[in-house]
Amino acid sequence: MQAFLGIFDIYLLEAVINGILLGGVLALLALGLNLIFGVIDVTWICYAELVMIGMYAMYFIVQYYGLSYFIAAPFTILLVAILGAALHYLVIAPLLTAPPINQLLATGGVLFVLQSFATVAFGIDFRNLGIRLPVLAFGDMNFSYARLLSFLAALVGMIAVYLFMTRTFTGTAIRAISQDRQIMALMGVDTKRMYLITSALGGALAGLAACLLVLQYDVHPFVGLSFGPITFLICVLGGLGNFIGGFIAAFLFAEIISLGGLVSDLEWGYVLAFAFFIVMMFIRPAGLLARRR
């Protein structure tokens, strides 16, 4: 009996640590989506599809141009940042004064356009980057190097965004706009430029997430469905536009998924996470730390 409890304790600790590693990537995804909503007040339903495009970019740059993963990553981040800025300029900017439902429908339309484009251009085959990372053995526990690398890179990315938002004039202006758009416009801040920079930054975060997720997922046109819905639920649970709330919600979801997978299949972990979200919407319908307006 004691031996069984000892083994269960090891599995439990392993699941908790894996949940923390997963939470880092989910927090990175939620940060990009929350940043855009918090500043521009528009929810990008198509955010996960930007990640999908970034994953394809990583795949083709590494497989067809022969560049190393670490050289391909900056190109991918830049590409998706440009795509994010283009999305704002072509789709979001003309609809800033439109009703929220129009904005949701527009970004939802972009979602299907990007999925259809990827299906036509690349087919529905599952493509793998082909990079095999070893497994880190720590005692009787095993951890994926890919997940560990993703967690560390996501942590560095989030710290870099925090420093940008708190230590630079542009970041300060973006935070000020998120608090009061009308006043900042009257004070001479170019809100259109700040919106464009924010969209590019959100795209860059999606590009970074793509570089990390391509190590763990096969690339196909519908890969965004693997993490898009969960990212949106994390943002809602944390309070749309609330960075700290999204961070906390990301790790809550990750731990529920990881521990649920310990008890049963991993799919049941996602079921438990969605059930937790539904219950919390009755308790805290505005989110754990809803942003005050």
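Residues numbered from 1 in each chain as written. Predicted model: local features only at pLDDT ≥ 70, side-chain atom pairs only at ≥ 80, totals over all residues. Heavy atoms only, no water.

*Asks:* Help me understand the overall build of the protein chain, please; the structure alone is not making it clear to me.
*Replies:* Counting its secondary structure elements, the protein chain contains 11 helices and two strands. Along the chain direction, N to C, the helices and strands of the protein chain fall in the order α-α-α-α-β-β-α-α-α-α-α-α-α. Whereas a compact globule of 293 residues would reach a radius of gyration of roughly 19 Å, the protein chain reaches 20 Å, a difference of no more than 12%. Looking at the protein chain as a whole, 48% of its 293 residues are labelled buried. In the protein chain, once contacts between residues fewer than 6 apart in sequence are set aside, the share between residues at least 24 apart is 76%. When the accessible surface of the protein chain is summed, it comes to about 14,700 Å², and 72% of that surface belongs to carbon and sulfur atoms. (Helix = DSSP H or I, 4+ residues; strand = E, 2+ residues; numbered from the N terminus. Rg over C-alpha atoms; globule rule 2.2 N^0.38 Å. Buried < 20%, exposed > 50% of the residue type's maximum accessible area, 1.4 Å probe, protein only. Contact = heavy atoms within 4.5 Å. Areas by Shrake-Rupley, 256 points an atom, 1.4 Å probe, with all protein chains shown as cover.)

*Asks:* In this structure, what is going on with the nonpolar core? I would like to understand it.
*Replies:* Inside soluble globular proteins, nonpolar side chains tend to come together where they are buried. Of all hydrophobic cores here, the largest spans 83 residues; its most connected members are Trp-44, Tyr-47, Met-55 and Phe-227. With 14 residues, helix α1 (residues 2-40) is the single largest residue contributor to this core. Those residues in contact with Phe-227 that lie beyond four places of it in its chain are Leu-29, Ala-48, Val-51, Met-55 and Leu-213. (Core = buried A, V, L, I, M, F, W, Y, C linked by side-chain atoms within 4.5 Å.)

*Asks:* Looking at this structure, how should I read a nonpolar patch on the surface?
*Replies:* Side chains of Phe-243, Ile-244, Phe-247, Ile-248, Leu-252 and Leu-289 sit close together on the surface and give an oily, nonpolar patch of about 500 Å² of accessible area. Note on placement: Phe-243 falls in helix α10 (residues 243-263). (Patch = residues over 30% accessible without salt bridge, like charges linked within 9 Å, V, L, I, M, F, W, Y side chains within 5 Å. Salt bridge = Lys/Arg side-chain N within 4 Å of Asp/Glu carboxyl O.)

*Asks:* Explanation requested: the environment of Val-80 in the structure shown.
*Replies:* Within the secondary structure, Val-80 sits in helix α3 (residues 69-92). When its relative accessible area of 1% is taken as the criterion, Val-80 is described as buried. Remark: the alpha-carbon pair of Val-80 and Ala-57, spanning 23 residues in sequence, is separated by 9.0 Å. In contact with Val-80, other than residues within four places in its own chain, are Leu-50, Gly-54, Gly-203, Ala-206 and Gly-207.

*Asks:* Sorry, what's going on with the layout of surface pockets here?
*Replies:* Empty space among the atoms can be located by rolling a probe the size of a water molecule over them. For the second largest pocket, the calculated volume is near 410 Å³. Contributing to the lining of the second largest pocket are 20 residues, with Leu-22, Arg-147, Ile-257, Leu-266 and Tyr-270 lying nearest its centre. Listing elements by their share of the lining of the second largest pocket, those giving two or more residues are α1, α10 and α11 (266-283). Among the elements that take part in the lining of the second largest pocket, α1 stands out by supplying six residues, more than any other. Split by residue class, the lining of the second largest pocket holds 13 nonpolar, five polar and two charged. (1 Å grid on protein atoms, 1.4 Å probe; cavity = no way out; pocket = protein on both sides within 12 Å on 5 of 7 lines; lining within 4 Å. Points joined across faces, edges and corners; volume = space filled by probe spheres on them. Nonpolar A, V, L, I, M, F, W, Y, C, P; charged D, E, K, R; others polar.)

*Asks:* Quick question: what am I supposed to make of helix α9 (residues 228-238) here?
*Replies:* Note: α-helices contain 3.6 residues per turn, so residues at a spacing of three or four share the same orientation. For α9, the tally of buried residues reaches nine of 11 residues, placing the bulk of the element in the interior. Those residues of α9 that fall on the buried side of the exposure criterion are Gly-228, Ile-230, Thr-231, Leu-233, Ile-234, Cys-235, Val-236, Leu-237 and Gly-238. Phi for Gly-239, located one or two positions after α9, is positive at around 100°.

*Asks:* Sorry if this is basic, but what is going on with the packing of aromatic side chains here?
*Replies:* How two aromatic rings sit relative to each other is set out by the distance from centre to centre and by the angle between their planes. Throughout the structure, instances matching the rule amount to 11 aromatic pairs. For the ring pair Tyr-59 and Phe-60, a centre distance of 5.2 Å and an interplane angle of 80° mean the geometry is edge-to-face. Through pairs of rings, three or more aromatic residues link up here, namely Tyr-56, Tyr-59, Phe-60, Tyr-64, Phe-117 and Phe-122. (Phe/Tyr/Trp six-rings, centres within 6.5 Å; stacked < 30°, edge-to-face > 60°.)

*Asks:* Where do I start with unusual backbone geometry in this structure?
*Replies:* Note: most peptide bonds trans; most residues except glycine with negative phi. Residue Asp-41 is not a glycine yet carries a positive backbone phi of 65°. Structurally, the position occupied by Asp-41 is in the loop between α1 and α2 (47-64).

*Asks:* Looking at this model, I keep getting lost on the confidence of the model for the protein chain. Mind explaining?
*Replies:* Low pLDDT marks stretches whose predicted atomic positions should not be read closely. In this model, the protein chain carries a mean pLDDT of 85, and residues with pLDDT of at least 70 account for 92%. Element-level mean pLDDT values for the protein chain span from 65 in helix α7 (residues 181-186) up to 94 in α3. Low pLDDT, under 50, characterises residues 1-7; the stretch is placed with zero contacts to residues that sit more than four places away or in other chains. (pLDDT = per-residue confidence, 0-100.)

*Asks:* So what exactly am I meant to see when it comes to the packing of α9 against α11 here?
*Replies:* Two quantities define a packed helix pair, namely the angle between the helix axes and the distance between the axes. Remark: α9 packs on α11, axes separated minimally by 11 Å, with the N-to-C direction vectors making an angle of 30°. With respect to their mutual orientation, α9 and α11 come out roughly parallel. In terms of crossing hand, the pair formed by α9 and α11 is left-handed. For the pair α9 and α11, contact is made by Ile-230, Leu-233, Val-236 and Leu-237 and by Tyr-270, Phe-274, Phe-276, Phe-277, Met-280 and Met-281, respectively. (Axes fitted to C-alpha atoms, helices over the stretch in contact; angles between N-to-C directions. Parallel < 35°, antiparallel > 145°, perpendicular 65-115°, else oblique. Left-handed = near helix turned anticlockwise from the far one by under 90°.)

*Asks:* Hey, could you run me through the packing of α2 against helix α8 (residues 191-213) in this one?
*Replies:* In the contact formed by α2 and α8, the axes pass within 8 Å of each other and the chain directions differ by 55°. Considered as vectors, α2 and α8 are oriented oblique to each other. Like other packed secondary-structure pairs, α2 and α8 cross with a definite hand, here right-handed. Here α2 contributes Tyr-47, Leu-50, Val-51, Gly-54, Met-55 and Met-58 to the contact with α8, which in turn contributes Gly-202, Leu-205, Ala-206, Ala-209, Ala-210, Cys-211 and Leu-213. Of the residues that constitute the contact of α2 with α8, the class distribution is 11 nonpolar, two polar and no charged.

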